[in-house]
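# Observations on chain architecture
Here is how the chains run, residue by residue.
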Amino acid sequence: MAGIKVFGHPASTATRRVLIALHEKELDFELVHIDLKDGEHKREPFLSRNPFGKIPAFEDGDFKLFESRAITQYIAHEYADKGNQLLSPGSKNMAVLAMGMEIEAHEFDSVASKLGWEQIFKNFFGLTTDQAVVEQEEVKLAKVLDNYESRLGESKYLACDHFTLVDLHHIPVIQYLLGTPTKELFDERSHVSAWVADITSRPSSQKILL
């Protein structure tokens, strides 16, 4: 029987999001390396797995999926009885979890990923960091983290008092930003700083570091 396969790149934040979920669930899987510099994700056979040409793509036997947050939700539900619980049972709790995932995707990641691109990934392509963009995006990130600081003053994690997909989805880009001057924005907020230290020190988080 075919097992779980992740088609992606180990440095990709979206791929790492999926890998962390798999490690949290203590599942066996195969990471199939996709060469981004060679444009492998923009041609067949990868396009048959994700017609939009973005990593990662995912297979669990005959079941195929793409979009990292959809994949992590599938993993959390399909393997609910494995490893660590990543959901928060109950309609109200799940609504809060869904809200947190939306905030991460649209408020946090949209800004944090730009900061990662400018300060880290541009270097991979021989490009120069635009400091004006960094400063602009850091102002936006600070506002998001102010809200997180308030929320984390009420509960240990963003959705509730245990680690969930909401927290997991933040980890990959935070790991990169901790190696940049943007780290100061996390450090200067006590609740955020403690949360970051907690989620980035989890065994699943450590396993995906290169």
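Anyway, here's the lowdown on the structure attached to this text. (Residues numbered from 1 in each chain as written. Predicted model: local features only at pLDDT ≥ 70, side-chain atom pairs only at ≥ 80, totals over all residues. Heavy atoms only, no water.)

Time to look at helix α5 (residues 165-177). By the largest-angle criterion, Ile-171 marks the main kink of α5, which is about 40°, and a proline, Pro-172, follows within four residues. Of all 13 residues making up α5, 13 are buried, and the element is well covered by its neighbours. (Bend = angle between axes of the 7 residues up to and from the residue. Helix = DSSP H or I, 4+ residues; strand = E, 2+ residues; numbered from the N terminus. Buried < 20%, exposed > 50% of the residue type's maximum accessible area, 1.4 Å probe, protein only.)

Now for the sheet that holds strand β2 (residues 29-33). Pairing is mixed in the open sheet, where 4 strands are placed in the order β2-β1-β3-β4. Strands with a single pairing partner mark the edges of an open sheet, and in this sheet they are β2 and β4 (63-66). This sheet shows a mean twist of 20° between the axes of neighbouring strands, independent of strand direction. Across 4 bridges, strand β1 (residues 4-8) lies against strand β3 (residues 57-60) in antiparallel orientation. Across the sheet, Lys-5 pairs through a bridge with Glu-59, a residue of β3. Each of β3 and β4 is contacted by helix α2 (residues 68-78), which is oriented at about 135° to β4, the strand it contacts most. (Pairing = 2+ DSSP bridges. Axes fitted to C-alpha atoms, helices over the stretch in contact; angles between N-to-C directions. Contact = heavy atoms within 4.5 Å.)

What follows covers the packing of aromatic side chains. Tallied over the entire structure, the rule returns 9 aromatic pairs. The interplanar angle of 20° and the centroid separation of 6.1 Å between the aromatic rings of Phe-108 and Tyr-148 together place this pair among those described as stacked. Taken together, the residues Phe-108 in helix α3 (residues 91-124) and Tyr-148 in helix α4 (residues 131-152) connect sequence positions 40 residues apart. The residue whose ring lies beneath Arg-49 is Phe-7, and the NZ or CZ to ring-centre distance is 4.0 Å. One cation-aromatic arrangement involves Arg-202 over Phe-163; the distance from NZ or CZ to the ring centre is 3.8 Å. (Phe/Tyr/Trp six-rings, centres within 6.5 Å; stacked < 30°, edge-to-face > 60°. Lys NZ or Arg CZ within 6 Å of the ring centre and 35° of its normal.)

Right, let's talk about the packing of α3 against α5 for a bit. Contact pair α3 / α5: the axes reach a minimum separation of 9 Å and the direction vectors enclose 10°. As far as their axial angle goes, α5 and α3 are roughly parallel. Per-class residue counts for the contact of α3 with α5 are 13 nonpolar, 6 polar and 2 charged. (Parallel < 35°, antiparallel > 145°, perpendicular 65-115°, else oblique. Nonpolar A, V, L, I, M, F, W, Y, C, P; charged D, E, K, R; others polar.)

As for its position among the elements, Arg-202 is in the loop between α7 (190-200) and α8 (203-207). Residue Arg-202 is classed as buried on the basis of its relative accessible area of 17%. Not counting residues up to four positions away in its chain, the partners in contact with Arg-202 are Glu-24, Asn-84, Tyr-157 and Phe-163.

So, about the nonpolar core. With 48 residues, the main nonpolar core has Ile-75, Phe-108, Tyr-148, Phe-186 and Trp-195 as its most contacted residues. Those elements giving two or more residues to this core turn out to be β1, α1 (13-24), α2, α3, α4, α5, α6 (183-187) and α7. The residues touching Ile-75, leaving out its near neighbours within four places in the chain, are Val-18, Ala-21, Leu-22, Lys-25, Leu-27, Phe-58 and Ala-80. Formed by 5 residues, the second largest nonpolar core is a distinct cluster that contains Phe-7, Ile-34, Ile-55 and Ala-57. (Core = buried A, V, L, I, M, F, W, Y, C linked by side-chain atoms within 4.5 Å.)

Those residues of α2 not exposed but buried are Ser-68, Ile-71, Thr-72, Tyr-74, Ile-75 and Ala-76. Elements that come into contact with the buried residues of α2 comprise α1, β3, β4 and α5.

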